Structures are given as C-alpha cells and as structure tokens.
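The lines below spell out each chain.
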Amino acid sequence: GGEGNVGGSGSKLVEQDATPMETEEVKVEQGGVELCTEDIDVEPRFSLAQCKALKAYALQMVSEQIGGRGVQTDANMKNSLKFLMTAAGMSEVRLLIVQRIEGWIQNPKITKQCQDVLTAVAVNCHNHSPEDVQVIEGLCGVRLKTKLFSSQFVGCMKELISSHPDNLETALNSVVSNELGQQRGPNNMALLAMMVYSWPEETAKLLGAVFLTFLTPREDYLRALRSFLRELVRQVRNEFNFAVFARSLMREKPAGMELQNLDQTLKERVVLAVADLVTCSSMLMASLLIREAYNGYVKGDKVMVQQLQEFFSTLGVMQRDAVWWMHSVVPATYRPQPAMYKTCLRKVLFLEPSETYHSKDNWPPEADRSAILHLMSEANLMEDTLMRILVIGLARELPLSPADAMDIADKLVARAANAHTNDIPRLPTVERKELFNAIFDIAVYWPPANIHLPEDYEPPKLAISKLYWKGWILLLVLAAFNPKTIGAIGWAEYPTLRGMMEMVMTNNYSFPTSTVLLTNKEGVVESRESAIVRETQLTCTEKDLILEYETHLASQSSSPSAQPATITEASSYLLNQVTLLRPKGPARKLLPSVIELIKTVNRSLKLGQLLCKCRSPDFLLEVIKKQGTTESIKWLTDLVETNHSSLEVLPVPCLCEFLISSYEEQGGLGVEPDPDPTSHKTQFKRKKTAKENVSERQKQLIQRLRKLLVDPLSSADDGTEVLEYFFDKLAQPYLTPRVLAARGLRDILRSPDMVQKGEELPGQWLLESVPSLPHFVAILPCLLQRAQQACSVETGRQSLETYFLFLSEHTPDDLILDTVFQLSTTITSRFAIIRRVFAGKKGSSSDAALAGLIGLFKKAMDAVQRTKGTPLGDKDGVHLLRVTFPAGGKAILPDSLAHASYLLLSLIATTIAATDDYRGLLALWFSPQGFPEACALDTGEKVTLLPPSILSHVLGSTNPQLVEVGVRTATPPQLCSYVRLCGVPVSSMSHVLEALDHVVQPAPRSSLFKEGIRDPASLWRCVEAQMMRGARHGHSFLLYLQELIDTSGQSGAIVAPLVGNPTSFTSAITSVAPVINMSPTVTAEPLQLACFSENKMEEVLRQAFVPTLAPTPNLVPSDRDLWSGLLSLVLEVVSSSPAPTVPAPLRTLVSVLHRLVVGGGVAILQGMASSWFSSSLVHLLTRALSLASNDAPVKSTLKTAVTCMYESMERLATPTSGTFWAVVKSCAVVLGVAKLRGEGEEESVIVGRTLTICQGMAAGFSNEMVVIQMCRDLLSSAHQGHLVEKLLCTLAKEAIQTGQEGSYIRVLCKLHPLLWAAPPITLQAVPHIFSAGPQSITGPQSTTGGQQRR
C-alpha cells in the first residue's frame, strides 16, 4: 500500500501470499450463489480527513512504543514489533524501524519478529522517496553478527532492491562507500554478491559509474579500488560482467562529475586510473580455471575450447571499447599530453612492459604474473580495433603520430596472427575495403606546413618507405588469414600484393613473379625480361620525381635571397626515405630488407599454406596456370615435403599432377647400384632415400585422391575434378601421359582386395571400379565425353577395348546419339587402328567390345528413325544425309554414322554374327530388298553411302553378303584399284575378279572400261599374283588385259628382261608354280608353296633378291610392288603354318635363305639400301625365327645365315647411311637369335661387335640423324635398351675427345621422349659431359650475333 495504508496494507504485509485485488475480477460465493462484483462501485473505507487523523494517531502510538524509556518485557516487545510491522507502510515508521533494528536483532527471543519487521520494511520501500533512500542507506550500514540472520537480511535486501529500479543504484553506492570507508561492514561483500548474481549487467554498469566517482577526489583511491575489485571477483567467481563494467568506466559523460573544474594533472590521473582499472579487470578474467584450460589446450586437450573462445572474445571486446574511449572520449574530455596518450593507449592494449601492470599493489603475484599477461597478449583482434587505431593515426588533431599508429597496428596483427588457431581464431574477419585506403593514407609523406610550392607545380604523391612497406606486409598477413575478403581484393586490384602472395606460396622471392606480368590487348603476356626493364625505367622515373620535389622543398625553405640549391642523389635526404605511392600500379620490386622480413614472417606464420588452403578464390590454381605445370611442380614438391598436411590444401588438379610427376620421378630414380662397392656410395644412398620419399609421397597422394573419389561424404565436384584430369591425360596425343594417367587411375581405384591378391584384369579400373563410385551418376556425362576423346587418340588394343565396353555399357538413352556421333567420327578416321584392335587376337574382351559397339549403333539407328527432324541439331562441319531404307523407314543422320556402321559390319566375328543387334543392323544397311538411298539434306543431291575409302574395307570383309553388296556398288575403276591391294581375303578377291569378268564380257562396256585402265601391264601382273594366292575367276579379265596390251604395243612391259635374268617374271612363275585351282574350302597358299622343290624355291627367291645386287637395278615401281607382293606372299605362307611344328616349306625356306646370304655376302648388304626390300627381308627373317623357336636344327641354320650376314656388315669398307637401315634391323635379328638360344656370352660379343659398327656409322657425328635413327630403331626392340646405353656412353667419350659435345647434347634432346618411354637406362655419360664445363656444351657459332648457343 501507499501512504496511509494502515489496516489494509498491514494485513497484506503480514499475509505475503495474498493476491492483490485492485484490478482483478472478484468473485464471492454466498449460499451457493456466485455473485459478481465487477460492476459494483466500491466506496473508500475512510475519508481523507479520517486517513490523516488515523495516520497521526498511528505515528503517535509508534513514538510511544519505541520512544518509551521504561524497560519492556519480551511479550510487550513482541506486540510492539507486530504493531510496527502493521504500520510499516508509512515511511516515517520504516525510518524509525531502521534506526533501531540493529539493537533489536541482538535479542534472540524476538528474532522471528525482527525478521518479519525487516521483511515488511523491505517490501514497502517501492517509492524511492527521500525517506526510502535513508532507509536503504541505513539498512546497508547494519552490522549483523549471526550468519542465520545474515542470510535473511540479504534476502530482504534483494526484495527491497527489486521493489524499485532506482533502489539498486542507491544500495550499491551505499555498500561501496561503506566498504571503502573507515568502518567496513561485514555484509558488504554478501550484498554485492547478491546484486551481481541477481542483476549482473545492471550491477556491473552501475559499479563502473561508482568507481568513476571515486577517481575524481584529491585522494587517490586507485589502490583501494583495485583491492575492492579483486575481492568482489573472488566472491562472485565467474559471474561478473567485466566487459560491461569496463565500458561503464569509459563512458563519455560520467554522472555527477565536474571535470571542467579539475586541473590537468588530476585529469591525466583519472585517465591513467581508468586505464589501470580496465587492464586490472581484464587480468581478473584470467581465473585459475581459464589458466588451467589454456594449459590443457596447449597440450592438446580441447574439452574447454568453448570457454576459452568466450574468454578471448571478451578480451577483444574490452580492447575494442578501450580504443573507442581513447579515440572519442579521452581527447575531447581530458586533453592528455601526447606521451601520456600513447602510453595509455599501449597500456589498454597490453603492449607496455609487464612492470606497468603490477606496480600499484604487486598484483598479479609473481607466480601467476607471466601466465596472466601471456593470456592478455592473445586477445582477439577486432576489426573495429584495427580500423580505429589507423583512424587515430590519420587524425592530425589527435596526439598519436602515423608512425606510432602503424607500429601499434603492426604489433597487434602480428600478436594475433602468432596466437591464431583454427579452434580459437584471433585475427578478425576483415571485410572493409577501406582498410587498404587507411593503410596507404597513413603512409603518405606530408611536407612541412610552412612550405608553399609553386602553383604550376604538381607534386608527386609520395609515401614514407618504411611505413609503405610495413603496410604491404600488414596487408599480406591479413590477406593470408582473410583470403576471401582482403585476399581476393588484393589479388584482383593490387599487383604488388599479388606478387607478394605468390612469393610466400611458391617460396620464390625473385622479381618478377608470374602473376604480375602484364597482358596486352591481344592477350600476349610480357616476358620476365620486359618486366625487369619496366621496373628499371620506373625506378629512374621515381628518382627524378623525388629529386625534383626535394629541390622545390629546399628552395622554399631557404631565404629568398639565397641561391636555390640543386639536390643530387648524393645530397638528397628524401631519396632513401620516400617512394612513389601507386598501390594499384604495376608491381614494384621489393627491397632486400623487405624480402628478408617477408621470409621471416612466412616461416613463423605459414602464410603460404594459408593461401594455398583457400579454394574460393583458388590462388594456388591461378599460380599454377600462370607458371605452368613443369615449373609449379618444383615448389609444390617442397611444399608437400615440408608439411605433409599440405596435401589437404592443394587443389585437386595439383594433387593429380603431383602424382603424375611422382611416377616420372620414380622412373628417373629407378637405377641399379654401381657394381664397384667403393664408388658412388653416397650418390646411391641419396638416390635410394629419394626413391623412398617419392614412394611414400605416392602413397599419401593415392590415399588422398582415393578418399575424394570413394568417400561418400566427399563432394561430387571433387570426384569430377579427379576423373576429368586423368581422362584429359588419357586423351593426350602422346603415349607417355596416357600411360602415366592410366597407371594413376589404376592405383587410385584399386581396392584393398586387389592389392592383397596382386591381380587385376585389364581395364578393370574403368569397367568395375569407376561405376562403383558413390557419385558415378553425377559424373557420368563428363566421363562419357572424356572417354570419347580418349578413343580418338588411343592406339593400344586393350585400352580401346576398355573404352568401347565402357561406352556401350553405361551410355544412357538420352546421350546415345551424341556418343555414337563422336564414335562414328573416330571409327571412320581411325579405322586402320580400330580394325587392328578387332582383327587381332580374338578373345572374350575383343568380341564383347565389338558386340557393345554394334549394340550401341543399333540403338542409335533406332533412335534416329524415331526422331523427327535433325537428331543432333545444327552442328558445324557435319554433313547430314536423308536416308531412305528399303524396308520403308527414313532418317536424317550424319554421313559418318552410315560409314561407321558399314565399317563395323565388315569386322564380323563368329560370336557377333549370331547376336540380334548385328542381324538387325545388317538387315538395316544390307537389306535383301535393296540398298538404302541417300541424298544431301541441304542440296538434295544424291550421294553414295559407300565411297571408295569405305568400299575397300567392305570388300575386304569375310561376310559374303557385305562383299556382294560392295561389288554391286563399286564401279569398274574401283574394282581395278582393289585388285592392286595386298592382304585382301581370297574369297573377297574372287568376288572382285568375277565381277570384272562380267564387266568385260559385253563389247560396249569394254570400250568404256578401257579408258579407266592406264597401265594394263601392271594390272595384268597383279591379277596373276592374286590368282597365285588362290583367287578364282578373272580369266576373262586377263584375256581382256592381254588384248589391251597387244593393241597398245606395250608387250615389253611384261616380257622385258630383268637384270641378270632374261626370262620374264611371268614365265618364271609359270614354270615354277603353275596355278592350281583349289576347292573353295581349302586354303591354297600352303599347298602351292609345298609344290615348290628346294631348287625351284631358290630360283624364285633369287629372282626377288639377286636382281637388286646390281649397282643400278633397273626396277620400275610396278616391279617393286611385285617384289613386295612376293615377299608378302612368302610371309603369309609362313604365318599360316602352325607354330608348334616346323613344316617342310619352312625348312626349305631357311635353307634357301642360308645359301643366298652366304653366297651374296657384301653384295646382299649393298642391295639392301632399298628400304622396301630390307624391311621385307628382316621381317621375313624375324618371322622365321619365331616359328623356328622349337626346332634346334632350323634355328641353328637360320642363326648361321644371319651371323654370316652380320660378318659381311663388318667387312663393308665404307658404311653409308644408305646401308644403315639394314644394319640396325639386322642387329635386332641377330640379338633376337642370341636371346632365343640363351647364349649370354655370345650375346655380349654380338653387342660389342654391333657397337663397333654403330660407332662407325656415327663416327665424328658427321650425320646426327644417323645416330638418332639408330637409337630409335634399337629402342623399338624389346632387348636393345642396354645397347643404346652402351652406345651413348661410348659416343659421349668420343664427343669429349673430339670437342663435339654440342652434337651429343642435341642427340640426347631429340631422344628424350623415347628415353622416358624405354626401359630404365643408366645414362652414365651425362655427368661426364656436364663435368667438362659449360664451355664445351656449345653449338655452332651464330651467324648474326656471334655468340655461342648453349
């Protein structure tokens, strides 16, 4: 109740649980009827006059009860206290109670009544009247002696404070004044603890204001306040809000303070005292619990990381508020001196020496001092703190110089960066672009104020060099810790910062870096030499501008009558102090001192690794793109070796490239130790250690990449990047990158089961491992595209089979047309390789790949016929056809699709011909109802679906249906050209000759056909050769050709005598091997050769070999074709013989070859200058060698013949490049014989003799191409790596002796790709060359500049 609430209020105070009834609905139950009094008017119980009289009477009664001098009994005292409790609603009564409550409490018999009275007083102090203020002050001064009543007293005080908002401030002022006074109350800390627990923020805020009032008097309360604050924190533990308390200390206008009346000394004392209390409160936050948590965190215990984060964050907030106070409040309110201002600013930021913080009262104690101050130095750095310090340095009216501001900012950033961790970040997330302007503005050089420059002179914008470069380093650190904000802005807009970022990433501090090279409008990047020249020019311009500027300053500072002095470099003061301020201009070359400082900072803070971790933007990938892969691998290797965790920060393309380079490096280190144990020990140990390091690095890279691909938690983008990189390598035109990429994917995708078994099927990584990846569906379109590109360059049979199987199994229906279109282009352009894939050794994989391709094309043709319009859209360079099929369907498709379909159908296999897809595709293109018709989509002109390039392959098929359609489609000139081909199946050639017989039968056609035969004699010989192979028909065509020859007078073309033999080739062949018409089911070649006796075979072969022994063989190209055809015929005969047995024709052939070679000798070698002849002969010898591997007599005879040829080579007087090719190929045959016989000692002898011949061929490096070609041919053999090694070592010694090291180096450079792909070769000659000094490694003199090329 209020004043005058005597009866009603008193009863309410006694019954504390009663519910107020002033505003609530009152319901009364009477006689079972509920009466609502909501609308009933209630009259006051007493009138105003009655209330006043009643109040006066009550006060009189209280005065009589309390003021009586007689001794009251305990019973009377209890009744009096009850009466006082009833009258506690009056302020006068409450004031009288407070004045005597301390004495009443001493009587233990009335303790309960005293508690009730005290409760009544606390509840009724809700008006904050002057009497209530006196009551609160009186209660705060009560001295209690019993703990039981103390707890009740604290509870009553809590109720009193909560009765009115202003009661808290009054109670707090009273308690603090009492605590700092002469007589300290025993309940002060208990009351303060109650206030902090109940109202933590309000109490901390008011306590700061109270502390501030104790700083202005003449007496110095600072030590007492520090002690009081420590005691309070000890009582409340961790509940005190230090940030709010410090902010209250630093508020702008303290209440009740008259600062204008204070002298300057007292004002500065107040500033220092506030700063001291702020730092003291910061140190009080570092409780024992926080210190133990920090020590555990340093040791790896991260249980209390959250508490540490809150602690350092609060410290950062308090320092931010302190800097705001120093910027906004202190200069305007206290006006301190510059020295004191700087000291105070550094103190609140804990940049002062440790003595500054414990000099007042020797707290913190020495045992805890270092730990607490260390925690203070690791506070979080807020962005506002950094920006405000720079602003203070920029403001000329503030007492802090720009150099001091930059120094403070630099120390704060360095301190926070050193303490920064991933769990507890200390550096701020800087997002303000104004930071760049603030740093460069603070470094600006300002001339003296009294200098007035000429009006027509525009001074350059200069910066103080020390501050300028310190600002760049500051930005570099912030960019490394804020790569997405400061780093991205600096990389895009500030070339100097971009160059510094590249330096710390690559650990290469040379100028210029690759990312700062300028690019012109045409997109051409300037060279490093141009950048150096540009920097030199800019330095000269800078020097001239500074000297001119200093000259103007000197003229203005001197007296007007004095002669103006000219400033030179020697007399200049500014030249070494300032620099041009162009932060967004071209990158400048760093000073040596700056580079050393950056190196130190990078070593301690790992700035390069932080920048490498950023993926958006990806600085590392940008640097690699600029530098190139080869140059980047060098510093990436160092990055990984110095820190294995850097694999986590490298982008995916870098990891993949790193793995590829490790394979190359591992191949280069795969050397054997020197057989001499006393030599090269150290070198071998180093290579062994390096090889182990490379292997370990490979394992880490493979595990990392496997995690990106196989881990379901990894993103699909990472997996796509991995596969894109390796599949791009698989599509390279060179063999080595494809082999290394396939090896990398195989190692990455190999499962643990495969590793344990050590077995893996060819292509298993693509056909089984890739489809099992968790993100396979997301990356499938990309894989299909890359696999198509790989098919266009791959030459390996197993690899192509794998790609075809993958495309046929995993191409979805919506991508079939695009996939088949790309495959069609690949098949038509590379059919020679595709045919070799499917025409080689038959097997399940080959048949499955061909079946998959045919099935894919069948689905594509079905989709094309269902699609209306152009199925592939408008694509450039695509020739579209409108095809009408005999069965009634129509389709619009590219011509390559039709051609590829015909080519695939020509590759028939037994297991494929029975499939539905093959029969369906065959019925579509080779329908019994007729041949499809096609016309160009754009012009409507009819075109043929079987051009000559496709027709030749269709005619070469073993499918009679395809051959029949091809023969019907081909024109007579095309059939004639087809007769000249070698290696055509006999059945197909029979169809062609039969068609030619039909063509020449009618007389009208013969005259028309005659114009297409330009050389009937050579065509006649080709038909004869084909008939010797077993082709049927063609007799009518032969007669027609004979008629043409007779009518044209070209009979000499057939019967012209060969050199050394007047008998014509036709008569010789006819006499030796008459044409035998064999049954179509029997192969004719072996039987025909079996008809040859040894003498007849020798006669035939002599006609092939001996004519070439003449110095100038008079052979026309057509004759050479015949010789090549004859040798091909012999090879086919030999190849058709089963390998386990050596047939009689082969024995005969070996014997004939032996006699020819032994008899021919050197003449044979001289005749081998024709490459077409020597290649066929060596091919024949090699094939015979492989077939004779199980027959000792035949093998011995053949080896003797080849060795005889080899000895003839050594007898050559003047070996020339013309005979060089035969020498090299024969060496391969000879070494193959030695390998076959297992004659190791003989092999070494042969190698030595071959080396002697090869040296003679390349003596003096008169012809470098001879050496290069020799090495290439030797490397192509499976057993010639050691021969190349010995040859290169011998040639190196010869090069050093003859002074032709340049030629040797050029040979090595041209052989470099082959040496990488060859088996491991120890090029021991290379160190000898380089040890001869750089003077010897030179090329020919330059005709223009006269300088030697290295």
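Use the structure listed above.
This text gives an overview of the structure that appears in the document. If you're wondering where the values come from, they're calculated on a predicted model, not measured in any experiment.

A short note on the overall build of the protein chain
Okay, step 1: Summing up its helical and strand segments, the protein chain has 64 helices and eight strands in all.
Okay, step 2: Out of the 1350 residues in the protein chain, the part that is buried amounts to 48%.
Okay, step 3: For the protein chain, the proportion of contacts with a sequence separation of at least 24, taken over those separated by at least 6, is 73%.

So, the side chain of Thr506
Okay, step 1: On the secondary structure map, Thr506 appears in helix H23 (residues 495-506).
Okay, step 2: Note on Thr506: relative accessible area 7%, which makes it buried.
Okay, step 3: For Thr506, the contacting residues outside a window of four places in its chain are Val623, Gln627 and Trp635.

Some thoughts on the packing of aromatic side chains
Okay, step 1: Using the criterion set out here, one finds 25 aromatic pairs in the structure.
Okay, step 2: Considering the side-chain rings of Phe211 and Phe228, the 5.6 Å spacing of their centres and the 45 degrees angle between planes classify their relative orientation as tilted. Taken together, the positions of Phe211 in helix H10 (residues 200-213) and Phe228 in helix H11 (residues 222-236) put the pair 17 residues apart, joining distant regions of the chain. Taken individually, Phe211 and Phe228 each receive the classification buried, so the pair is uniform in this respect.
Okay, step 3: Geometrically, the ring pair formed by Tyr725 and Phe726 is edge-to-face, given 5.5 Å between the ring centres and 90 degrees between the ring planes.
Okay, step 4: Judged by its relative accessible area of 0%, Phe726 falls in the buried class.
Okay, step 5: Clustering of aromatic rings is evident, with ring pairs tying together Phe436, Phe440, Tyr468, Trp469, Trp472 and Tyr494.
Okay, step 6: Here the basic side chain of Arg396 rests over the ring of Trp446, its NZ or CZ set 4.6 Å away from the ring centre.
Okay, step 7: Between Arg426 and the ring centre of Phe312, over which it is positioned, the NZ or CZ distance is 4.2 Å.

Here we look at the pairing of strand S6 (residues 890-894)
Successive residues of a regular strand alternate their side chains across the two faces of the sheet.
Okay, step 1: Most of S6 is tucked away, with four of its five residues classed as buried.
Okay, step 2: Relative to S6, strand S5 (residues 880-884) runs antiparallel, the two sharing five bridges. Looking at S6, one finds that Thr884 is bridged to Lys890.

Focus on the nonpolar core
Okay, step 1: Of all hydrophobic cores here, the largest spans 309 residues; its most connected members are Phe726 and Trp925.
Okay, step 2: Sorting elements by how many residues they give to this core places helix H21 (residues 465-481) first, with 13 residues.
Okay, step 3: With sequence-adjacent residues up to four places away left out, Phe726 is seen in contact with Cys656, Leu659, Ile660, Leu705, Ala741, Gly744, Leu745 and Ile748.
Okay, step 4: Tyr445, Ile451, Tyr457 and Tyr549 belong to the second-largest nonpolar core, a separate cluster that totals 11 residues.

Brief notes about the environment of Leu192
Okay, step 1: Secondary-structure assignment places Leu192 in helix H9 (residues 188-198).
Okay, step 2: Of the residues examined, Leu192 reaches a relative accessible area of 1% and is grouped as buried.
Okay, step 3: Sequence separation between Leu192 and Leu172 is 20 residues; the distance between their C-alpha atoms is 7.3 Å.
Okay, step 4: The residues contacting Leu192, other than those within four sequence positions of it, are Leu172, Val175, Phe228 and Leu232.

Section: unusual backbone geometry
Phi is mostly negative for residues that are not glycine, and the peptide bonds are mostly trans.
Okay, step 1: The omega torsion across Trp363 and Pro364 is 5 degrees, close enough to zero to call that bond cis.
Okay, step 2: In this fold, Pro364 is placed in the loop between helix H16 (338-348) and helix H17 (366-376).
Okay, step 3: Here the residue pair Phe511 and Pro512 is connected by a cis peptide bond, since its omega of 0 degrees sits within 30 degrees of zero.
Okay, step 4: Topologically, Pro512 is positioned in the loop between H23 and helix H24 (528-557).
Okay, step 5: Phi is positive for Asn507, which is not a glycine, with a value near 60 degrees.
Okay, step 6: Note on placement: Asn507 falls in the loop between H23 and H24.
Okay, step 7: Here Lys606, not a glycine, exhibits a phi torsion of approximately 55 degrees, which is positive.
Okay, step 8: Tracing the backbone shows Lys606 in the loop between helix H25 (592-605) and helix H26 (607-613).

Here we look at the sheet that holds strand S7 (residues 933-936)
Backbone-to-backbone hydrogen bonds pair the strands of a sheet. The strands run either parallel or antiparallel.
Okay, step 1: Strand order in this open sheet of four strands is S6-S5-S7-S8, and the pairing throughout is antiparallel. The sheet terminates laterally at S6 and strand S8 (942-943), the two strands that pair on one side only.
Okay, step 2: Pairing between S7 and S8: two bridges, direction antiparallel. Looking at S8, one finds that Ala934 is bridged to Val943.

Analysis parameters
Residues numbered from 1 in each chain as written. Predicted model: local features only at pLDDT ≥ 70, side-chain atom pairs only at ≥ 80, totals over all residues. Heavy atoms only, no water. Helix = DSSP H or I, 4+ residues; strand = E, 2+ residues; numbered from the N terminus. Buried < 20%, exposed > 50% of the residue type's maximum accessible area, 1.4 Å probe, protein only. Contact = heavy atoms within 4.5 Å. Phe/Tyr/Trp six-rings, centres within 6.5 Å; stacked < 30°, edge-to-face > 60°. Lys NZ or Arg CZ within 6 Å of the ring centre and 35° of its normal. Pairing = 2+ DSSP bridges. Core = buried A, V, L, I, M, F, W, Y, C linked by side-chain atoms within 4.5 Å.

Such coordinate-based values are descriptive only and should not be taken to indicate function.
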